[in-house]
Amino acid sequence: MRRVVVTGIGLVTPLGCGPGKTVFQRVVAGHNGVRELAAEMIPAGCNVKVAGRVPRGTEPGDFDESEYKAMDREVSLFIKYAMKAADFALQDSGLASAAGTATTTTTTSEVAGFPYQRDRCGVSIGNGGIGSLFEICGTHDTLKTSIRKVSPYFVPKILVNMASGHVSIRHGFAGPVHCVTTACAAGSHSIGDAYNLIRLGYADLMLAGGSDASIEPLALAGFSRMKALSTPIADKAIESASRPFDKHRNGFVMGEGAGVLVLEELDAAVARNAPIIAELCGYGLSGDAHHATTPPENGDGAFRSMTSALRDAGLPASAIGYVNAHATSTPLGDQAELCAIRRVLVGESTRPVYVSSTKGATGHLLGAAGAVESAFTALAVQSGLLPPTLHVDELDPALQTSLQPSETSRCPLTVITHQAQAAPTIQYAMKNSFGFGGTNASLIFGKYPAASSASTSASAASAVPAAAPTSDDNQRSSEREEGEEGREEGRGEGRGGGGGGTHTRWLATALSMARSVVVESLAIVPPLCLFLWLSFVLFE
């Protein structure tokens, strides 16, 4: 099975826009992107006051809408966010200038300066499923006046797969163009699916992530009626409304943005001296089969998603040192996830297992959440600096059972609060994402060995120096190697491998058929000999 690495990250978030390391520095520094909403954005009777909006303007880190002015008729905001994040990601990977030379006539051949064939490059950008309510509501009002005023671009502007489509067109990537719509797990599912497309030989490079722009009165009203959104808390600043794991949490804060990762096949990335950030090592999925919007209290679906990712990576649970939790600041969701994390990760290991939720800083970006938080997770592994959970004034006492050591382990889960945690020996980290409908995804990112890539010296958080390998690190490397051997033996044949996976399956099928023909032919030889002998005896 081919290995996959992350070589570039582009982010459009409430903390700002830019290459991954730029935004990551803000999240580890404890910046908060949640702000008070303008009064005209809040529907009458709704007690929601804040959201995580992308900063707009022309200052560094702002989203400059004027860049897309010429495309306003054709694309809506979530598509623009995806395009900008993809541009940043390619820039971060060192592929931006060559990718920008794409034309429709160069999709199956190499372009000067670009190391891949265009039909071996694809896009997988998910969306929570809402698309653009702003366009839908506005066009509905327009239709009341005249059908002739309805834009011919209306349908393409609201289709959730058009973020992937426009990014593909923009860069001439003619490989798989994929879109996942699994609510708040869409970003992580999109990355995981892109990972599998490269592993199985369908592509060599994928732009993968998620985009969402749903902060709009109708969406706020809908989530508010579900009692899912945070409302003002007495004696608390309204900007601190997103407070995962806190005793006073009372719902999530809507956010918006996009995150795109450049995923490449390892050997190809090394051959072009790519700036490898981390390795994507495992992908797990599951379903709760429980309730449309509420997880089971024991976090069973999350548990199975995490164990699935560990099996896929060929890793023991003790290898995971950090979990970037889905935790959205809802009372039940945060508790169920911690319960699942404890069941999976707190075993015989005496090493600390750190947990944090960056939604305290960004709010909940819905379909983009998993992508942006996967970026933070990969950069945390690379830098050895783990981002904090903001606004935890008092850890919920109801969570203490999940945080305490088990009977067989001296290792508790540690929720990182207030400030970043230095953890230079972390080798593997997990990202969880869960969505309505009971859909779950878990991704595992691993530190890429410094000796194999000159890029690892470019840490995303320069405040933490790279640590020399320790005996503990070497042990975990051995665990990974043993796990990969087991995974290859147990799963490689069934899934195929590399670019020749399809040919291997055809060859195996042909050999099996030939073997069957030979065996069946040999089976009739004894009866045939007996028939000939009897014929000779009887008719001699």
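See the structure shown above.
Residues numbered from 1 in each chain as written. Predicted model: local features only at pLDDT ≥ 70, side-chain atom pairs only at ≥ 80, totals over all residues. Heavy atoms only, no water.

K.L.:
How should the overall build of the protein be read in this particular structure?
P.N.:
When helices and strands are tallied, the protein shows 17 helices and 16 strands. The proportion of buried residues among the 540 residues of the protein is 55%. If you take every contact in the protein between residues at least 6 apart in sequence, the share linking residues at least 24 apart comes to 79%. As displayed, the protein has an accessible area near 22,700 Å², and 57% of this comes from carbon and sulfur atoms. (Helix = DSSP H or I, 4+ residues; strand = E, 2+ residues; numbered from the N terminus. Buried < 20%, exposed > 50% of the residue type's maximum accessible area, 1.4 Å probe, protein only. Contact = heavy atoms within 4.5 Å. Areas by Shrake-Rupley, 256 points an atom, 1.4 Å probe, with all protein chains shown as cover.)

K.L.:
Even after reading the chapter, I still don't get the pairing of strand β2 (residues 16-19), so can you show me in this structure?
P.N.:
Along any regular strand, the residues point their side chains to alternate faces of the sheet. Bridge count for strand β1 (residues 4-13) against β2 is 4 bridges, and the pairing is antiparallel. By the bridge assignment for β2, Thr13 is matched with Gly16. Counting the residues in the hairpin turn of β1 and β2 gives 2 residues. (Pairing = 2+ DSSP bridges.)

K.L.:
Mind showing me how you'd approach helix α7 (residues 186-199) here?
P.N.:
One turn of an α-helix holds 3.6 residues; hence residues three or four places apart share an orientation. With 14 residues, α7 extends 20 Å from end C-alpha to end C-alpha; this agrees with the ideal 20 Å at 1.5 Å per step. Where burial is concerned, most of α7 is hidden: 13 out of the 14 residues are buried. Gly201 occupies a position one or two residues after α7 and carries a positive phi of about 90°. (Expected span 1.5 Å × (residues − 1).)

K.L.:
Which parts of the structure should I look at to understand empty space enclosed by the protein?
P.N.:
Gaps left between atoms are located by rolling a probe of water-molecule size over the structure's atoms. Inspection of every chain in the model, using the stated rule, returns 2 cavities of 30 Å³ or more. What lines the largest cavity is Lys49, Val50, Ser230, Thr231, Pro232, Ile233, Lys236, Ala237, Ile238, Ser240 and Ala241. Here the lining of the largest cavity is built from residues that sort into 6 nonpolar, 3 polar and 2 charged. (1 Å grid on protein atoms, 1.4 Å probe; cavity = no way out; pocket = protein on both sides within 12 Å on 5 of 7 lines; lining within 4 Å. Points joined across faces, edges and corners; volume = space filled by probe spheres on them. Nonpolar A, V, L, I, M, F, W, Y, C, P; charged D, E, K, R; others polar.)

K.L.:
Would you explain the side chain of His364 in this entry?
P.N.:
Counting through the fold element by element, His364 comes out in the loop between α12 (359-362) and α13 (369-383). Ignoring sequence-local partners within four residues, the contact set of His364 consists of Cys184, Phe252, Val253, Met254, Gly255, His326, Thr328, Lys359 and Ala369.

K.L.:
Would you mind going over the packing of aromatic side chains with me for this structure?
P.N.:
The relation between two aromatic rings is expressed through the spacing of the ring centres and the mutual angle of the planes. Tallying each qualifying case throughout the model produces 7 aromatic pairs. The interplanar angle of 65° and the centroid separation of 6.2 Å between the aromatic rings of Phe114 and Tyr116 together place this pair among those described as edge-to-face. The two residues Phe114 and Tyr116 agree in class, both being buried. On the numbers, 5.9 Å between centres and 35° between planes, the contact of Phe114 with Phe173 is tilted. (Phe/Tyr/Trp six-rings, centres within 6.5 Å; stacked < 30°, edge-to-face > 60°.)

K.L.:
Explain the pairing of strand β5 (residues 121-126) here, please?
P.N.:
Among the 6 residues that make up β5, 6 are buried, leaving the element largely enclosed by the rest of the structure. By the alternation rule, side chains of β5 split into Cys121, Val123 and Ile125 and Gly122, Ser124 and Gly126, which are all buried. Of the strand pairs in this sheet, β5 and strand β7 (residues 205-212) are connected by 6 bridges, and their pairing is parallel. Bridge assignment links Gly126 to a residue of β7, and that residue is Gly210. Of the strand pairs in this sheet, β5 and strand β6 (residues 177-178) are connected by 2 bridges, and their pairing is parallel. Looking at the pairing, Ser124 lines up with His178 of β6.

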